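This is what each chain is made of:
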Amino acid sequence: MKCHHKCITSNGSIGNATLRMAPRLQLEKAAWRWVETVKPEDIKNEHIELAYRIALSACQRGTCRNCKGNPNCLIGIGEHLWLGDIDENTFHNIDDPSSERRDKNTFVGLTNLGATCYVNTFLQVWFHNLELRQTLYLCQNAWVESADSEKEPQTICEHLQYLFALLQNSSRRSIDPSGLVKALGLNTGQQQDAQEFSKLFLSLLEEFLLKQKNPNLQNVIQEQFCGMISYVTVCDQCGRSSSLPSRFYELELNIQGHKNLMECLTEFLKEEKLDGDNRYHCESCQTKQNATRHIKLQSLPRTLNLQLMRFVFDRKTGHKKKLNTFINFPEILDMGPFMERKEEKCVFELSAVLIHRGISAYSGHYIAHVRDALSNDWYKFNDEEIEKMEGKKLQLGLEEDIAETVKISQSRKPKCSRGYHCSRNAYMLVYKRQPEQDDRNDTNAVVPEFLETLVAKDNRKFEEWCSELAEMRKQSVDKGKAKHEEVKGLFTLLPVEDGQPYEFVPLDWLKKWLDDSITTKAIDNGHFLCSHGKLHPDKIGEAKRISLKAASLLFSRYGGGPRLDRSSLCRECVTQRCQVLRLKNQLTEDYKDMSILIKAPSQSGKGLWVGKLSLRIWRQLALEQLEDDEEHTKHGDHKTNGDRSNITRSKGAKTIDGEDVDTEGMKIFNEDILCPHGGLNILESERRLVSVEAWDKLKVYFPKAPEFTYQHEPCQQCLRREREDRQNEELNKMMANEQKSALLNLFQEKNRPTLQKWPEETDVLYIVPPFFLAEWRKFIRRPSKSTPVSSVGNSILLCPHGGFMFTHESMLLGDAEHVALLWPDEWEVIRTHFLVDQPISLSRIKAEPDITDRVEYHTRPELCEECREGFMFQQQRDMREYTQATVYVRKVINNKRALKDDAPSLNVSGSEAEEEKETKVDGEKDPDFSQLENGAKRKKIISGVGIAVQHSVSKASSDKGIRRSTRHHKLRGEKALIVSANQTLKELKIQIMHAFSVAPFDQNLSIDGRSLTDDSATLGSLGVTPECVICLKADEPLTDYAAIDDVYQVCLPEEGFKGTGLLGH
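Residues numbered from 1 in each chain as written. Predicted model: local features only at pLDDT ≥ 70, side-chain atom pairs only at ≥ 80, totals over all residues. Heavy atoms only, no water.

Where an unreviewed UniProt entry is consulted, the protein chain appears under the name Ubiquitin carboxyl-terminal hydrolase 48, with the organism given as Clupea harengus. As stated in UniProt under Catalytic activity (unreviewed entry), the record for the protein chain gives "Thiol-dependent hydrolysis of ester, thioester, amide, peptide and isopeptide bonds formed by the C-terminal Gly of ubiquitin (a 76-residue protein attached to proteins as an intracellular targeting signal)." (UniProt positions renumbered as here; feature names shortened; annotations may be inferred.)

Structure representation (C-alpha cells):
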C-alpha cells in the first residue's frame, strides 16, 4: 500500500515523491535529518516546521490505514463508519425486544438459574399433564382465599400454581422460575439427582392435595402416578405363598446388560432365588427355607413413569457413575403381558422422554422431549429454548445420543424399527394410558381468575419493558443520525489548505469522537505541553493538524483546551533536541579519538585521574546522559514517541565491547574513584591518568564529573582508616590464636563430654548455647573477616523467671542438641575471655555407696516447673491444631514398601505438597530466627517461654511429647500431602485417591501399626501429626483408571436435598 505525500529529503528540502508509507520511526528520523548541517544557533522557522512535520501532505483515502507520524493524515481514524449510507441498526446495541416475545402457537421456556436444568425438565413434563395442571388450578389455599388480588405467592404450591399459569398464558418467550426454586430452598449452583427430585416433589404435592377439602382433588397424585405391586414369596419346602402389597410411583428398571425396555421389564418381574444366608423364614415351616420371590403388577396408574437406572453406585470408587448404554423403547407400550390379570387391557402411549447429556453422574445437562396432549406435536424443551419436532414425530437428535468424549466406547446406535426409539442418554420414560374412545378429555386446563390477574399484570410489565427498549432504540437511532450529519459536515472541514491557519487536536480524541459507543468528552491538549508550555515536538505523532474553522466548531461544541496553533511550536525544545542529536552524532567520532588518546602514555606522569571502570564504559554513560537530557525536555512524566529513554535501563552487568562489565550503582562518570568522604580513592589500582586533551573531550559529555589532577592527594581519612583496619586485623589474629590454643579441643570438637555416658573424672559440666560456639568457631577460622565474640548469652536458655528449661532426662531424649556441654577447665577459660550473663551448670550427685546406687542430676539455675509444663502443653497443642502441614503417605504391597508407583499420579490442585521447601539463607532477616553455622534455624518460643529452640525439632513423639530432631527424608514410592488437623479422614482419603489412584473404599491406612478407620474423625483426633508417615495398603489396586473419573467430580460427600423445602425444611 502506498502513501502519496511530500517527502522530507536528506538536505531538509521538501519534494514530491511517491513511496511506500514510512513507519513512524522513519518519519521521525526524516523530520530531524537537518540537524546534521544546522547548528543550534542557526535554527530558523523552516527547521521548526520540519521538526513538527507541518509540510507533510495528507494521505488519500484508500492509500493508508493512518500515518501516526503524519499530523496531516486523517485517514483510518474511524471516519469510514460515517461517510456514506448507514444502516440505522448500527446506531444502537439494544436487542429487538420482540425476540423475547412468545411465538404464536408455541410454549414458554424456563430460565436456567445456574444448574437448575433438572428442575426445568420435570416442570415442563408436569405442566403438560393436563389433569395435574387443572388439579393445581382448583386447589384452595390462603392465597386463593385472600381478597388481595395483588398478593404475591408465598408457599411452594402457590409458586407452582403461578408458574403453571405463566407457562400457559405468558407473553414472554421464557419465564424465571426463581420464585419456586427459592421457595424450595434449592442451591442454584449445584446440580442434584433428578430422579430423587422427582420423587420428593411428587410426595410434597401428594401431601398438599390430601389436605384439600375437595375430595376430587385429594387422590389425584395416586390416580395419576400411583400403581400397585405385590412381592410374592413361595417356600420351596411346603409351597406356602405369601404376598406383600406395595404402592409405587415409578418403576425403577435396571438397564445394565439389556438392550430394550422389554428386557428391563422382564428382569424387573423375574423370580429371585432366596437361599444360603438369604433364606426365607417360612411361617408354616417355622424355619428358614429356600424360596423364590417375584414381583406381580397388580394395577398401573394413568401416567406410568419408568426410571431407567443410568446412575448406579460403583464399588471401586465409592461414588455414582453413569451407564451410557443404548436402550430401545416403543412409542406404544402394551403392559398387558406383564400384568397379573392378563385379560386387563393396559396400553400406554409415550408422552415424554427425559434426557441427561454427559458422561458423568455429577455433571451434564438435562433436557426433555414432551408430546403436547392437545395437538400430539412433539417439542424439545431445553431451558429457554423450545424446538418443535416436524411431522408430529419424536426426534431425539444427534446431540442427545452421540458420546461427548472418547472415554465412552464408540458403539454404533442400534437400528430402530418403525414405532421405536433408541437412546443412550434417556433416564426417564413417561407413558400415558390410552383412554377409551368415549373417555377422551383433551381440553386445555382453564386458568383461574385470580391467577389470570397476576399473569395479566406480568404481561403488562413485559409490554412496558418492550416499550422502554423500543424507545431507547429510537433515541439511539435519532442520536446516531444527528451524529452522522455532524460528522459528514465537519469531516470535510478538517484538512488544512496551504497557507491557512490551523490548530492541533489529539488523535485519540478524534477517534473517540468518531466512535459512537463512547461518550465524547472535552478536548484535552494538556498532555501535549512541554516544559515551556508549548506543543512538545515528540507529541506530534499523537496529534492531528486541522483547520482553524473546524477547530473552532469542535471547541465551541465540546469545550476543552488549551488551544494549540502555529505559535505553539516550541523553538526551545527544537533547539535542545538539535544540540543533543548533534552530540550523539559527534559521539562516534569522539569515541575513535578517545581510543587513540587513552592508549598514548601521559607526558611525564601528568594529567588527570579517571576511574578505570568509567573509562571502559564512558561511551555508554555518555549515551545515557544524552538520553536523559532528552527526557528533561519533556513536561511531567509523559513519554515521547520513539524516545529510547522510554526503555528502563537495566542495572548490574552490561556488555561493553563484547565484555560483561559490572556497572551496579554507576550513575555519574568518574564516581568510581570517589571515596565515601567525597575525596580521591586510595586504591590507585582502580584509576589511571589520562592526558588533558582526553579529559577535555570527556568534559564535553560529563561537565559535572569529579575532577582530580595528578597532584591531588588521596583521602586522608581513608588512609587513616586503612591503617587502623590493619592494626585491628593483627589484634584479631592474635586473639584468635590465643583462644584457639586455650580451647583447642572445643574448637576441633574433640574429646567432648556426653550425657549418655557421664565422664567419671568430673561431677560438673557447664552449658552454653550452640549458637555461641558456632559464632566463636567462625571467628577463629577467619579472624580478619569476622567480628570477635565478646559475650556468652546464656539467657536464651532460661525462662522469663530465670529458671532452666531442660532436665537431664529431656536432654537425653533430644533436647541436648539445644545446648553445648563444656569441661570445667574449658568453662574457666570461657569466663576469662568472655562476658557471661548467667552461668548454667549440670551436676551429678551420687548417694553414699553403702546406702544406694542412685544418682541424681541437678541444674543451676534450677528447673522452672511452671514454664516447663506450659512449654510441653503448648508443644502438644501445636501437634493437634496444625494447618497446612506435611504428612507422607507410603504405599505398601504385601507389607513391604512399594519401590515404584502402581498407578500414574494424577495432578490435582492442593492434593500434593512440594517435595522440599526452600530454606532461607539469611536468617537475620526473619526476627523469629537466628542463623546457625550449618544453616539450621533457631525459632523463638513466644507463648510464655523465652527460649530459642531449633525449628527442625518441632515434632513431638506420640507417647511422651518429646521433640525429635530427625528430619524425615522422603523415600521412593512416598508422596507428600498438605493436610490440616481439622480435616476428616474421608477428605484425606480423597487426597490419597488423587495421588495414588486408589479408591477410598479400598484404602487401608495405618500409622505405626495402628489402623485409621473412622472416616468422620479429624486427623488431629486420630493422632496424625506433621511429618508423620501414613502407610497405605490397597485391597484391590485399580488398573482401570478411567473407572474413577466420576469421583474426581466431587471432593465432599453428597448432601442431596438436605435442608430444602422438599424435606419439609
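Asks: Outline the pairing of strand β15 (residues 327-330), listing residues and values.
Replies: The side-chain alternation of β15 yields two buried faces, one formed by Ile327 and Phe329 and the other by Asn328 and Pro330. Taken together, the four bridges between β15 and strand β21 (residues 420-423) define a ladder with antiparallel strand orientation. Within the sheet, the bridge partner assigned to isoleucine 327 lies in β21 and is serine 423. (Buried < 20%, exposed > 50% of the residue type's maximum accessible area, 1.4 Å probe, protein only. Helix = DSSP H or I, 4+ residues; strand = E, 2+ residues; numbered from the N terminus. Pairing = 2+ DSSP bridges.)

Asks: Can you explain the nonpolar core? Please cite residues and give values.
Replies: Residues Trp126, Leu184, Leu186, Phe197, Phe201, Leu354 and Leu1062 are the most contacted members of the largest nonpolar core, which totals 63 residues. Look past the residues within four positions of leucine 186 in its chain and what remains in contact with it is Tyr118, Val119, Val181, Phe197, Phe1057, Thr1060 and Leu1062. Core analysis: the second largest hydrophobic core is formed by 37 residues, Phe248, Leu251, Ile295 and Phe338 among them. (Core = buried A, V, L, I, M, F, W, Y, C linked by side-chain atoms within 4.5 Å. Contact = heavy atoms within 4.5 Å.)

Asks: Give me the sheet that holds strand β25 (residues 543-547): which residues, what numbers.
Replies: Strand-to-strand pairing in sheets goes through backbone hydrogen bonds, with the strands running parallel or antiparallel. Taking strand neighbours across the sheet as the criterion, the three strands line up as β25-β23-β27 in an open arrangement whose pairing is antiparallel. Edge positions in the sheet fall to β25 and β27 (564-565), since each of these pairs with one other strand and no more. With five bridges connecting them, strand β23 (residues 502-506) and β25 associate as antiparallel partners. Bridging across to β25, glutamate 503 finds its partner in isoleucine 546. Contacts from helix α14 (residues 507-514) reach β23 and β25, with the element oriented near 75 degrees to β23. On the sheet, helix α15 (residues 548-558) packs against β23 and β25 and is oriented at approximately 105 degrees with respect to β25. (Axes fitted to C-alpha atoms, helices over the stretch in contact; angles between N-to-C directions.)

Asks: So what's going on with the packing of aromatic side chains? Residues and values would help.
Replies: Using the criterion set out here, one finds 27 aromatic pairs in the structure. Centroid distance phenylalanine 107 to tyrosine 379: 4.9 Å. Interplanar angle 90 degrees. Geometry classified as edge-to-face. Highlighted residues: phenylalanine 107 in the loop between α2 (45-51) and β3 (109-110) and tyrosine 379 in strand β19 (residues 378-382), separated in sequence by 272 residues. Across the pair, exposure class does not vary: phenylalanine 107 and tyrosine 379 are buried alike. On the numbers, 5.0 Å between centres and 0 degrees between planes, the contact of tyrosine 766 with tryptophan 827 is stacked. With tyrosine 766 in strand β32 (residues 764-768) and tryptophan 827 in helix α24 (residues 824-833), this residue pair connects regions lying 61 residues apart in the sequence. (Phe/Tyr/Trp six-rings, centres within 6.5 Å; stacked < 30°, edge-to-face > 60°.)

Asks: Before we move on, can you summarise the confidence of the model for the protein chain with the specific residues and values?
Replies: In the predicted model, the protein chain carries a mean pLDDT of 78, and the fraction of residues at 70 or more is 78%. This stretch, residues 1-21, has a pLDDT under 50; its non-local contacts, to residues over four places away or in other chains, come to 45 contacts. In this model residues 1037-1053 is a low-confidence stretch, pLDDT under 50, and it forms 37 contacts with partners more than four residues away in sequence or in other chains. (pLDDT = per-residue confidence, 0-100.)

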